[in-house]
Amino acid sequence: MPELPEVEVTKLGISPHIEGQRISAVKILDGRLRWPVPNALVKLLPGQTVLAIQRRGKYLLLEFEKGYLLLHLGMTGTLRVLPSKETLKPHDRVVFEFGRISLRLHDPRKFGAVLWHSKKSGPIESNSLLQKLGIEPFSAEFAGDLGAEVLYQHSRGRSVSVKQFLLAGQAVVGVGNIYCSECLFDAGIHPAKPAGKLTRPQCIRLAHAVRSILHKAIRAGGSTLSDFVNSDGEPGHFTVQSKAYDRKGLPCKVCKTPIQQIVQGQRSTYFCPQCQKR
DNA sequence: AGCTCAACCTGGCTGC
DNA sequence: TGCAGCCAGGTTGAGC
């Protein structure tokens, strides 16, 4: 379930266990993910220590002495810290051993990614996958009125719907398909409105909604962190209830009008035709 | 450059 | 019960 909040919660969950820890072994059980998992990792990583863990958009960046491990969870990926002796599950794809604990990428649909960025090839910011990402929603550059200005300027001249514009992550990163519907509901903006027609007041409301919705989701996910190291807990298992997503035909929680579902860019969008205006 | 859409892959659910 | 068909949290890359 990985949108930005799930990735952030995963980062918070694994960091205390593996930051400062040294890799003892890497096992690639099935390396046929989004891109092939580099076999070189099996020789390269053992002996190296996790210096820091950062998140950029929906990517997790594990910094080592010689470079960065880029992890992406795709549609169905989860990362768990487990006792090394714990038996492997079907769809466990890559295992990073740290002595008595292991970090495991579980990814049924194999849309995730495990890549290596050597420090020899330049700073991590120069990585081609990261370079095209928009601004972080919790950065100073997106705070307050700056966030609204980012959305306003990036959307000028764009004919795509605001739903697709926001989901693309070129202006601000981290809003996936679920939270996109939620943010537009919160901001009272019709998802089919062309991005280029967004008004400044709408951008102000949307920027606020993005920060607020993502922040609430992270807070809710944080409550599941206590049992991160065991085989049963599911990180990214949120109790925040949606106001629009997956509520087709159900009454809007504000005005009781039935929530509508449409398809935009091959993805479902849910909205209230009464509360959300073009 | 921007837009649309197929593709990657597997599992779960719906409906016949 | 079996099976075809559709849907699913992300992202790239091809072809206009």
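Here is what the cut-offs are and how they apply
- Residues numbered from 1 in each chain as written.
- Chains lettered and ligands numbered in written order.
- Predicted model: local features only at pLDDT ≥ 70, side-chain atom pairs only at ≥ 80, totals over all residues.
- Heavy atoms only, no water.
- Pairing = 2+ DSSP bridges.
- Helix = DSSP H or I, 4+ residues; strand = E, 2+ residues; numbered from the N terminus.
- Axes fitted to C-alpha atoms, helices over the stretch in contact; angles between N-to-C directions.
- Salt bridge = Lys/Arg side-chain N within 4 Å of Asp/Glu carboxyl O.
- Buried < 20%, exposed > 50% of the residue type's maximum accessible area, 1.4 Å probe, protein only.
- Patch = residues over 30% accessible without salt bridge, like charges linked within 9 Å, V, L, I, M, F, W, Y side chains within 5 Å.
- Areas by Shrake-Rupley, 256 points an atom, 1.4 Å probe, with all protein chains shown as cover.
- Lys, Arg positive; Asp, Glu negative; His and termini not counted.
- Charge placed at Lys NZ, Arg CZ, Asp CG, Glu CD.
- Disulfide = S-S within 2.5 Å.
- Domains from an automatic or database assignment.
- Contact = heavy atoms within 4.5 Å.

Asks: I'm lost on the sheet that holds strand S6 (residues 92–98) in this one. Help?
Replies: Hydrogen bonds along the backbone pair up the strands of a sheet, which may run parallel or antiparallel. Reading across the sheet, the four strands line up as S1-S6-S7-S5 and stay open at both edges, with antiparallel pairing between neighbours. The open sheet has two free edges, formed respectively by strand S1 (25–28) and strand S5 (78–83), since each of these has just one partner strand. Taking the axes of each pair of neighbouring strands and ignoring which way they run, one obtains an average angle of 15 degrees across the sheet. Here four bridges tie S1 to S6, and the two strands are oriented antiparallel to one another.

Asks: I tried to follow the pattern of salt bridges on my own but got confused; where do I start?
Replies: Where charged atoms from two side chains of opposite charge approach closely, those side chains can pair. The full count for this structure, using the stated rule, is 10 salt bridges. A salt bridge links glutamate 8 to arginine 55; the shortest N-O distance between them is 2.6 Å. Of this pair, glutamate 8 sits in helix H1 (residues 4–18) while arginine 55 sits in strand S2 (residues 52–56), and the two are 47 residues apart along the sequence. By relative accessible area, glutamate 8 is classed as buried at 13%. Residues joined by salt bridges that share partners form a network here, namely Glu8, Lys11, Arg55, Arg56 and Glu136.

Asks: Help me understand a positive patch on the surface, please; the structure alone is not making it clear to me.
Replies: Taken together, the side chains of Lys216, Arg219, Lys243 and Lys253 present a region of like positive charge at the surface. Note on placement: lysine 243 falls in the loop between helix H7 (200–222) and strand S9 (260–264). With relative accessibility at 36%, the residue lysine 243 sits in the partly exposed group.

Asks: I keep staring at the state of the cysteines and nothing clicks. Help me out?
Replies: By definition, a disulfide links the sulfur atoms of two cysteines through a covalent bond. For the structure on display, the rule yields zero disulfides. Looking at cysteine 183, it has no disulfide partner, and the nearest cysteine sulfur is the one in cysteine 180, 6.8 Å off.

Asks: Would you mind showing me how to read the domain arrangement of chain A here?
Replies: Quite often, the size of an interface is put as the accessible area lost when its parts meet. What the domain assignment lists for chain A is domain 1 (4–126) and domain 2 (140–271). Relative placement of domain 1 and domain 2: their C-alpha centres are 27 Å apart.

Asks: How should the sheet that holds S2 be read in this particular structure?
Replies: Taken in spatial order, the four strands line up as S2-S3-S4-S8 in an open sheet, and their pairing is antiparallel. Of all the strands in the sheet, just S2 and strand S8 (113–118) have a single pairing partner and so form its edges. Ignoring strand direction, the axes of neighbouring strands in this sheet form an average angle of 25 degrees. Here five bridges tie strand S3 (residues 59–63) to strand S4 (residues 67–72), and the two strands are oriented antiparallel to one another. The residue of S4 that forms the bridge with glutamate 63 is tyrosine 68. Along the sheet, H1 contacts S2 and S3; its crossing angle with S2, the most-contacted strand, is approximately 180 degrees.

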